Amino acid sequence: MVNVQIDTAKLKNMETKLNCKFSNDGVFVEMALDLHEYQEKLPSINSVSFGIYSGDLERVIKLVEKVNPNWCKYFTDTTTIFCGFINKEPVSFCIIPTTADSILSDDNLKIGGIACVGTVPEYRKRGIGLKMVDMATIYLKNLGYDIAYLHYTHLEKWYKKLGYETVARFSFI
Ligand SMILES: CC(C)(COP(=O)(O)OP(=O)(O)OC[C@H]1O[C@@H](n2cnc3c(N)ncnc32)[C@H](O)[C@@H]1OP(=O)(O)O)[C@@H](O)C(=O)NCCC(=O)NCCS
């Protein structure tokens, strides 16, 4: 069980920024996972590898455009991009932001985020997306983070499969 405290100032700040309201019946969620005990959860997938993307930025941005054009601005030269690859080509991606956009109190915790999670439509439903999040979670653990954090998602059940827990719910006003 993840043991975290909500920072009410950060929560209010997020309500203002996103024009949303936290409530128990909210449809979007903030999720967190304690990394101390985390072990790789899912089996490897034939012909798919995972790791940091160090190739041409334009190549990955073309994929992001196909999945969610609003995310392209977050993929820059200084972003850590983590991918699933088939034949060295990225088919699934996420970013590891330098500071997690969290509502948790971080006084004694190192909190790492995973954001903008996508798989290009042709490669969906093969387990690549969730395995990539599994491996990105291990990546955060190996960097010494205490908590992995997912900001603003509607895929609660999907992330729960890895052990992520909902720390707050919200809806847009
Ligand atoms: C969400 C997203 C990343 C999932 O990517 P994916 O690579 O298809 O993910 P997975 O294959 O791991 O899981 C997707 C589903 O396929 C199922 N699946 C996994 N392996 C499968 C296989 N071999 N055969 C059939 N189905 C399979 C999973 O059970 C899962 O089902 P569920 O949604 O009912 O839990 C992708 O749909 C996407 O890019 N969506 C748009 C962007 C988005 O919403 N991102 C999330 C933001 S928080």
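Note that this is a predicted model, so its numbers are computed, not measured.

(A) Highlighting the overall build of the chain. Secondary structure assignment for the chain yields four helices and nine strands. Moving toward the C terminus, one meets the helices and strands of the chain in the order α-β-β-β-α-β-β-β-β-α-β-α-β. Whereas a compact globule of 173 residues would reach a radius of gyration of roughly 16 Å, the chain reaches 16 Å, a difference of no more than 12%. Based on the C-alpha atoms only, the size of the chain along its principal axes is roughly 45 × 35 × 30 Å. Evaluated residue by residue, the chain yields a buried proportion of 31% over its 173 residues. In the chain, the share of contacts with a sequence separation of at least 24, taken over all contacts with a separation of at least 6, comes to 76%.

(B) Fine view of the sheet that holds strand 5 (residues 89-96). With antiparallel pairing, four strands are arranged side by side in an open sheet as 3-4-5-7. With one partner strand each, in any of the chains shown, strand 3 (48-52) and strand 7 (115-119) form the two edges of the open sheet. Each strand of the sheet is rotated relative to its neighbour by a mean of 20°, with strand direction disregarded.

(C) Main features of the site of the ligand. Around the ligand, a shell composed of 16 residues is seen, among which Thr119, Arg124, Gly127, Gly129 and Leu130 lie nearest. For the shell around the ligand, the elements supplying multiple residues, two or more each, are strand 7 and helix 3 (128-142). Of the residues belonging to the shell around the ligand, the class tally is six nonpolar, seven polar and three charged.

(D) View of the environment of tryptophan 158. Tracing the chain through its elements places tryptophan 158 in helix 4 (residues 156-160). Under the C-beta neighbour-count criterion, tryptophan 158 is labelled partly exposed, with 14 such atoms within 10 Å. Taking the C-alpha atoms as reference points, tryptophan 158 and cysteine 94, separated by 64 residues in sequence, lie 15 Å from one another.

(E) Quick look at helix 3. Its 15 residues place the ends of helix 3 21 Å apart at the C-alpha level, agreeing with the 21 Å of an ideal helix rising 1.5 Å per residue. Across the 15 residues of helix 3, 12 count as buried, placing the element largely inside the fold. Within the span of helix 3, buried status applies to Ile128, Gly129, Leu130, Lys131, Met132, Val133, Asp134, Met135, Ala136, Thr137, Leu140 and Lys141. Of the residues trailing helix 3, glycine 144 is marked for its positive phi of about 95°.

Here is what the cut-offs are and how they apply
- Residues numbered from 1 in each chain as written.
- Predicted model: local features only at pLDDT ≥ 70, side-chain atom pairs only at ≥ 80, totals over all residues.
- Helix = DSSP H or I, 4+ residues; strand = E, 2+ residues; numbered from the N terminus.
- Rg over C-alpha atoms; globule rule 2.2 N^0.38 Å.
- Buried ≥ 20, exposed ≤ 12 C-beta atoms within 10 Å, placed from the backbone.
- Contact = placed C-beta atoms within 7 Å.
- Pairing = 2+ DSSP bridges.
- Axes fitted to C-alpha atoms, helices over the stretch in contact; angles between N-to-C directions.
- Near = placed C-beta within 6 Å.
- Nonpolar A, V, L, I, M, F, W, Y, C, P; charged D, E, K, R; others polar.
- Expected span 1.5 Å × (residues − 1).

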